[in-house]
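Fold and geometry: a report
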Amino acid sequence: MRVKSYQRKLDIKNGCVDLSHGSGGRATTQLVLGLFHEAFGNEWLARCNDQSAFGVRSGRMVMTTDSYVVSPLFFPGGNIGSLAVHGTINDVAMAGARPLYLAASFIIEEGFRFSELKAVADSMGAAARAAGVHIITGDTKVVERGKADGLFISTTGIGVLAAGLDLSAERATIGDRVLVSGSLGDHGVAIMSRRQNLAFQIDIVSDSAALHDLVAVMVAAGGADIRVMRDPTRGGLAATLNEIAHQSSLGFRLQEEAIPVKPAVAAACELLGLDPLHVANEGKLVAIVAPDMADAVLAAMKAHPLGCDAADIGEAVADHHHLVQMSTSFGGGRIVDWLSGEQLPRIC
Amino acid sequence: MKYADEFRDKTIAQGLAQAIGTEADPQRAYRFMEFCGGHTHVISRYGLDDLLPANVRMIHGPGCPVCVLPTSRIDMAIRLAARPQVTLCVYGDLMRVPGSQGQSLLRARALGADIRMVYSTLDAIRIAEQALDQEVVFFAIGFETTTPPTAVMIRLAKKKRLKNLSVFCNHVLTPPAMQSILESPDIRTVGRAEIDGFIGPAHVSAIIGTEPYGRLAEQFGEPIVIAGFEPLDVMQAILMLVRQVNDGRFEVENQYSRAVRREGNHRAMEEVSNVFGLRDQFEWRGLGLIPDSGLKLKRAYAKFDAEMRFVMHELPAADNPACECGAILRGVKRPVDCKLFGTVCTPETPTGSCMVSSEGACAAHWTYGRGRDYQVRRASCE
C-alpha cells in the first residue's frame, strides 16, 4: 500500500539529501518511499509501519548487527550497500544459520547526492534479492555537513539455525583442520587501490559476497563436525585465528605454501608493506573442522562457486600461549600475530 | 610474484643453509650484525634463524629510522603539530612512537592536531597545494634511501613557489652510525669487536654505493657484505661473511649487485647535496651524539626549514630507565634481555621505539619470533 498523498517525485538525477529528509516530516517519507522502498520493495515494507512482524518457527534463531563506514563508498566489486547486506548475512551464516531478514539504518550527511544514495540502495536491494533475504524495516537520519563522511549504514540480521548445530570457538579441539574458502586479501587490496593517496591500477575486485549458500553445503557435508566458522574481515585471517586460538585455549600451526593469495594481491601487499594475512576479506570464511570430516567438507566447498579455491591450510595444536605459528614457504618458522595499530582504517 | 619468488626459493635456501652449516667452524662463534631494519624484518618474517647453525648468530643493528629517532625529536613534532595553523605530514610508522609522558603523534591527532599519514613526499606537496592557508610541515626521517625524495620535494616546492610547505628534517647517515657502533666501548673488548661482520644496507647502498664502507672494513678489520632485502639475499650474504671470517679477510663485498653499483646513484646523491648539508652532530637513540651523522637544509633553502621557520627548540627528554632500546640498537642486548619486553612493552603499548616499527628489533621479534623463546624456556624446564 502506498501513501500517495505524501509523494512528490524525488529529483534523483540532480537532487541531494538535506536536513529536511531527516526531520521526520514529509520529505523523510518521500525519501523512504521514493528511494528505499523502490529499491528494497517487499510486502513488509509496503505496509509502511515502524516495524515488521514475521512468523517464527520452532527451534533456535540467530541475530547479529554490524555497522559499515567503508571509505571510499564505491570500490571495485561493490559499494557500501552491497557490503552492508553481505557482511551481516555472513555474520548470521557463520553460525551455520540460514539468514532471513535484515533491518537497515542509514546515517546520511547533508548534501549526499540522491543519485549515489539510489545506487547504494539499489545494490542493497539486488544483493538481498540474490541472497533470498528481505530488508523488512529500517531508519534514516540526516546529519549536518561535516558530521559524517557521506554515508554510514548499520544492518541487523536474523536467521534460523538447523537443529543440532552449535558452532562456537571453544569447540575447537587439538588435531582439527583449518580450512579457508578461497584467496585472501582481495577486499582490502581493492579498497586500497581506490584510496585517494594510494590509487594504483590493479585488476583485483572486492570478494564481497553472501556466503550462506556455501555454508549450507558445508553444513550438509560436515554437520556438527564443523566446530566453528568465522569470516575473516578486519584484521584478516591472522586476527580470526588468533581470536579462535584464545577462545579455544589452543594454538594453530599453518603451512604458508597452502594459503591461497592471488599474485596481484601479494604484489600489492609487497609494495605497501602489508601482510596479506592481515588484510580484510568480505567473501571468505575460515572453518575449523574435525580431522575425519575435513576432506569431505573441503570437497563440498570446492564444488561450490564461492569455494572453488578452498584449501586446508593447517591444524589446531596444543599451545598454552595460544599462538598461531606458521612454517614459512622459505623453510623457517614464524608467528602469525594480531595486527598492531591501524594498518588501513575504515575498510568495511 | 615475479622478481620476488625467485629470491624466496625454499630449495636454494636449504642449499645455502647446508653450505653455511658445512663451512662454519664448529669451534667458533659467528656474530653478524645486520645493520638495516629491513634485514631484521626479513630474518624474522621468514624465520631465517631456524635455518642457521647454533654458532651463527644474527645481531640486530640500529638501521631502523623510527627506532633511532630520540624522544626529544618526537616531542618537538608533537609540540609543532599542536599549533593550530600547522598540518603535519608523517610516514605511518611515526604515529605510534612514544614521546615523553605517554604522548605520541597518534594521541595528539586524537586530541585534535592535524596530522596526516602520507606514503610519499609528493602527498605533502598535494596537501600543501590544497590548503594554502595552512602551514604544511613534512616530518622527514630516514637514512640515505628516504633523503632523495625529501630533496626532490623541496626542489619542487621551490619551483612551484609553495610558501606554506616546510620540512622538519631528521635525516641521518649510515656510515657514521656504523663507525659509532664499532667504536662503542661496550661493543669493543680488548683489541677486537664482538661483531664478526656486518650485513651492509641494501637500499642505502643503492644510493651511496659500496665505497663509503671500505674505510670501515679496513680500519676495524670487519668484513662487510652488502645484501638485498630478500631472504635468499640474506642467506647468501651470511655464507659470504662466514667465508670472509674463515679466510681472515675483511673486505666490502656486494651480494646485491642487481641494484647496488660501486659508485652509487649519482643523480640521487646530487639531489641530496644540492639541498642538504651536514649538521655538526645529531642525537641517535641508543648511540648518543654522533658527529657529522645528521643532515640539515642548506642556507639557500632555509625558508623550507621548519626548525627555523617555527623557531623549534629541542628540550631534553628522559626515556623510561628500564627500556633497553639503546643497548638493543647497539647490538649489546637482545629484545628478550629487556624486562619490559612482552610485559608492559608490546606493539599495542610500546614503551620504546624498537617495539613500534616492523623493522624494529623488538617488534620483529615479538611479532614473528617470540614462539622460539617459549620453546627455549620449555626445553630448559624439561
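Residues numbered from 1 in each chain as written. Chains lettered and ligands numbered in written order. Predicted model: local features only at pLDDT ≥ 70, side-chain atom pairs only at ≥ 80, totals over all residues. Heavy atoms only, no water.

Attention shifts here to the sheet that holds strand β6 (residues 165-171) of chain B. Residues and elements named next belong to chain B. Taken in spatial order, the four strands line up as β4-β3-β5-β6 in an open sheet, and their pairing is parallel. The open sheet has two edge strands, β4 (114-118) and β6, and neither has a second partner. Recorded for the sheet is a direction-independent mean angle of 25 degrees between the axes of neighbouring strands. For strand β3 (residues 86-91) and β4, the ladder comprises five bridges, and the chain directions are parallel. (Pairing = 2+ DSSP bridges. Helix = DSSP H or I, 4+ residues; strand = E, 2+ residues; numbered from the N terminus. Axes fitted to C-alpha atoms, helices over the stretch in contact; angles between N-to-C directions.)

Before going further, it helps to spend a moment on the domain arrangement of chain B. Residues and elements named next belong to chain B. Partitioning chain B into structural domains gives domain 1 (23-63 + 174-254), domain 2 (67-172 + 264-309) and domain 3 (325-381). Taking only C-alpha atoms into account, the centre of domain 2 sits 28 Å from that of domain 3. Residue-level contacts link nine residues of domain 2 with 13 residues of domain 3. Both sides of the domain 2 and domain 3 interface together cover about 950 Å² of buried area, and 64% of this is carbon and sulfur. Area buried by domain 2 at its contact with domain 3 is led by C67, R96 and P98, which between them contribute 52% of it. Across the domain 2-domain 3 interface, the total number found is zero salt bridges. (Domains from an automatic or database assignment. Contact = heavy atoms within 4.5 Å. Buried area = accessible area lost by both parts, 1.4 Å probe. Salt bridge = Lys/Arg side-chain N within 4 Å of Asp/Glu carboxyl O.)

Attention now goes to the domain arrangement of chain A. Residue and element names in this part refer to chain A. Partitioning chain A into structural domains gives domain 1 (4-161) and domain 2 (169-335). One C-alpha centre belongs to domain 1, the other to domain 2, and the line joining them spans 29 Å. Every contact between the two is made by 18 residues of domain 1 and, on the other side, 21 residues of domain 2. When the buried area of domain 1 at its contact with domain 2 is split by residue, P76, N90 and M94 rank highest and sum to 37% of it.

Residues and elements named next belong to chain B. Applying the stated rule across the entire model yields one disulfide over all chains. Linked covalently through their sulfurs, C64 and C67 form a disulfide whose S-S length is 2.3 Å. Here C64 and C67 share a disulfide; its torsion about the S-S bond, 70 degrees, makes the bridge right-handed. Exposure class is identical for C64 and C67. Each is buried. C323 forms no disulfide, and the closest cysteine sulfur to it belongs to C325, at a distance of 3.7 Å. (Disulfide = S-S within 2.5 Å. Buried < 20%, exposed > 50% of the residue type's maximum accessible area, 1.4 Å probe, protein only.)

With that settled, the discussion passes to the interface of chain B and chain A. One frequent convention defines the size of an interface as the accessible area lost when the parts assemble. Each partner contributes to the interface: chain B provides 35 residues, whereas chain A provides 26 residues. Between chain B and chain A, roughly 2500 Å² of surface is buried when both sides are summed, and carbon and sulfur atoms account for 52% of that area. Our count for the contact surface shared by chain B and chain A stands at four salt bridges. In this structure, R8 of chain B and E270 of chain A form a salt bridge, with 2.5 Å as the shortest nitrogen-oxygen distance. At the boundary of chain B and chain A, one finds nine residue pairs in polar contact (both at pLDDT 80 or more). Those elements that provide at least two residues to the side of chain B that touches chain A are α1 (10-23), α2 (37-45), α6 (121-130), α11 (231-247) and α15 (361-381) of chain B. In terms of residue count, α15 of chain B provides more of the side of chain B that touches chain A than any other element does, 10 residues in total. (Polar contact = N/O pair within 3.5 Å; in protein donor to acceptor, adjacent residues only side chain to side chain.)

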